[in-house]
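# An overview of the molecular structure
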Amino acid sequence: MLLPYVMTEKLLTTLLRSNAVVYLRYCVTYSGENPMPKTTAERQAAYRAKRPLAGVDNNGERRINTWVNTGTYLALKRLARHNGVTRREMLERIVLAEDARVTADMDEAEREVYL
């Protein structure tokens, strides 16, 4: 059976239920709820657009792209493996622990300046 260029939901459902042998010679588009498939660039853009609102507390996530010396990288890798977490999780733990340590003895005025 040769299919038309635009396939309706009803036609697709009928074909699937009838176990018909279908030969696809043309691009089959579906004009229902889902739009055409996104390109890789469109999917990546959508992913990056959601990042500022992601995370456990919906406070977003920020990208860190930096170079560190090899010793620091290997230490981070060892710490993460030792604690059974990802390098990202280990880095987050280290930074948040140091932030808590630094701010623990601050009064309100010092904290305002720090933040």
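Rules used in this analysis
Residues numbered from 1 in each chain as written. Predicted model: local features only at pLDDT ≥ 70, side-chain atom pairs only at ≥ 80, totals over all residues. Heavy atoms only, no water. Helix = DSSP H or I, 4+ residues; strand = E, 2+ residues; numbered from the N terminus. Buried < 20%, exposed > 50% of the residue type's maximum accessible area, 1.4 Å probe, protein only. Areas by Shrake-Rupley, 256 points an atom, 1.4 Å probe, with all protein chains shown as cover. Salt bridge = Lys/Arg side-chain N within 4 Å of Asp/Glu carboxyl O. Patch = residues over 30% accessible without salt bridge, like charges linked within 9 Å, V, L, I, M, F, W, Y side chains within 5 Å. Polar contact = N/O pair within 3.5 Å; in protein donor to acceptor, adjacent residues only side chain to side chain. Contact = heavy atoms within 4.5 Å.

### Things to note about the overall build of the protein
Of the regular secondary structure elements, the protein holds 5 helices and 2 strands. Starting at the N terminus and ending at the C terminus, the protein contains elements arranged as β-α-β-α-α-α-α. Classification of the 115 residues of the protein by burial places 9% in the buried group. Carbon and sulfur atoms provide 57% of the accessible area of the protein, an area that totals close to 10,400 Å².

### Topic: the pattern of salt bridges
Scanning the model with the defined rule gives 3 salt bridges in all. Across the pair E89 and R93 runs a salt bridge, and its minimum N-O distance is 3.3 Å. Taken together, the residues span about one helical turn, with E89 and R93 both in helix α4 (residues 87-103) at a distance of 4 residues. The class for R93 is partly exposed, based on a relative accessible area of 39%. We note a salt bridge from R101 to E98, for which the minimum N-O separation is 2.6 Å.

### Some remarks on the environment of T103
Here T103 lies in helix α4. Residues T103 and L115 lie 12 residues apart in sequence; the distance between their C-alpha atoms is 9.8 Å.

### Some remarks on a nonpolar patch on the surface
Together, V68, Y73 and L74 make up a nonpolar patch on the protein surface, roughly 240 Å² of accessible area in all. Of note, V68 is situated in the loop between α2 (40-50) and α3 (70-83).

### With respect to the side chain of T103
Overall, the relative accessible area of 13% leaves T103 in the buried class. One polar contact links the side chain of T103 to the main-chain carbonyl oxygen of D99, over a distance of 2.9 Å. Excluding its chain neighbours within four sequence positions, the residues that come into contact with T103 are R111 and Y114.

That is the geometry; function is a separate question.
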